Amino acid sequence: MINKFQGDAALAVYGAPTALHDATSHALQTARELRQELRGLKLQAGIGVASGHVVAGHIGGSDRFEYTVIGDAVNAAARLTDLAKNSPGRVLTSAATVKQANEAEQARWAMLKSVELRGRRQMTQIARPVRKTLAEAEGS
């Protein structure tokens, strides 16, 4: 579900408000596919994926009432998105998120260095999609 558009960003939510089996794998797959779709455009788009428990529900008053999600995973996704804007491929996630995905999706991600995301005290190991080899690119 696309939860909101804000400026040049969009927040996509998997697993809420409707449960979704293997939501993490679906989110990572979407990030990889979106990267392919955006490749030819002159956009400086970054894509960050994080998973975890969030609080989901309706908030606001009578003049502005909306469904949203809040929590650490939302903040982590925003920080990864910022970092991805200046990274090769422009798609990043955390190693912890990759580990929650199914085995087939895990194989599509390469682990990178650990970084300190803005506003966090502990290091986060990041990952990005595995780049296709020349043979794979020619075959697809």
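Everything below is about the structure shown above.
Okay, so let's go over this structure.

**Describing the side chain of Ser94**
Thinking step 1. The topology assignment puts Ser94 in strand 6 (residues 91-94).
Thinking step 2. A polar side-chain atom of Ser94 sits 3.0 Å from a polar atom in the side chain of Thr97.
Thinking step 3. Excluding anything up to four places from it in sequence, Ser94 contacts Val49, Leu80, Thr124, Gln125 and Ile126.

**Focus on the sheet that holds strand 8 (residues 124-129)**
Thinking step 1. Pairing is mixed across the open sheet formed by four strands, whose spatial order is 3-6-8-7. In this open sheet, the two strands that pair with only one neighbour each are strand 3 (47-49) and strand 7 (109-115). Taken pair by pair, the neighbouring strands of this sheet meet at an average axis angle of 30 degrees, ignoring direction.
Thinking step 2. Both strand 7 and strand 8 contribute to a ladder of five bridges, which runs antiparallel.

**With respect to the environment of Gln44**
Thinking step 1. For Gln44, the location among the structural elements is in the loop between helix 1 (23-38) and strand 3.
Thinking step 2. For the pair formed by Gln44 and Ala23, sequence separation is 21 residues and the distance between their alpha carbons is 26 Å.
Thinking step 3. Not counting the four nearest positions on each side in its chain, Gln44 is found in contact with Lys85 and Arg90.

**With respect to the pattern of salt bridges**
It is possible for side chains of opposite charge to pair when their charged atoms get near one another.
Thinking step 1. Tallied over the entire structure, the rule returns five salt bridges.
Thinking step 2. The shortest N-O distance in the salt bridge between Arg64 and Glu66 comes to 3.3 Å.
Thinking step 3. A relative accessible area of 59% means that Arg64 is categorised as exposed.
Thinking step 4. Note on Glu66: relative accessible area 24%, which makes it partly exposed.
Thinking step 5. The salt bridge partner of Arg120 is Asp72, with a shortest N-O separation of 2.9 Å.

**Things to note about helix 2 (residues 72-84)**
Thinking step 1. A rise of 1.5 Å per residue sets the reference length of helix 2, with its 13 residues, at 18 Å; its end C-alpha atoms lie 18 Å apart and thus fit the reference within 8%.
Thinking step 2. Among the residues of helix 2, Ala73, Ala76, Ala77, Leu80, Thr81 and Ala84 are the ones counted as buried. On an axial view of helix 2, the arc spanned by its buried residues comes to 140 degrees, and they lie on one face.
Thinking step 3. Lining the buried residues of helix 2 we find strand 3, strand 6 and strand 8.

Conventions and cut-offs
Residues numbered from 1 in each chain as written. Predicted model: local features only at pLDDT ≥ 70, side-chain atom pairs only at ≥ 80, totals over all residues. Heavy atoms only, no water. Helix = DSSP H or I, 4+ residues; strand = E, 2+ residues; numbered from the N terminus. Polar contact = N/O pair within 3.5 Å; in protein donor to acceptor, adjacent residues only side chain to side chain. Contact = heavy atoms within 4.5 Å. Pairing = 2+ DSSP bridges. Axes fitted to C-alpha atoms, helices over the stretch in contact; angles between N-to-C directions. Salt bridge = Lys/Arg side-chain N within 4 Å of Asp/Glu carboxyl O. Buried < 20%, exposed > 50% of the residue type's maximum accessible area, 1.4 Å probe, protein only. Expected span 1.5 Å × (residues − 1). Arc of directions from axis to C-beta.

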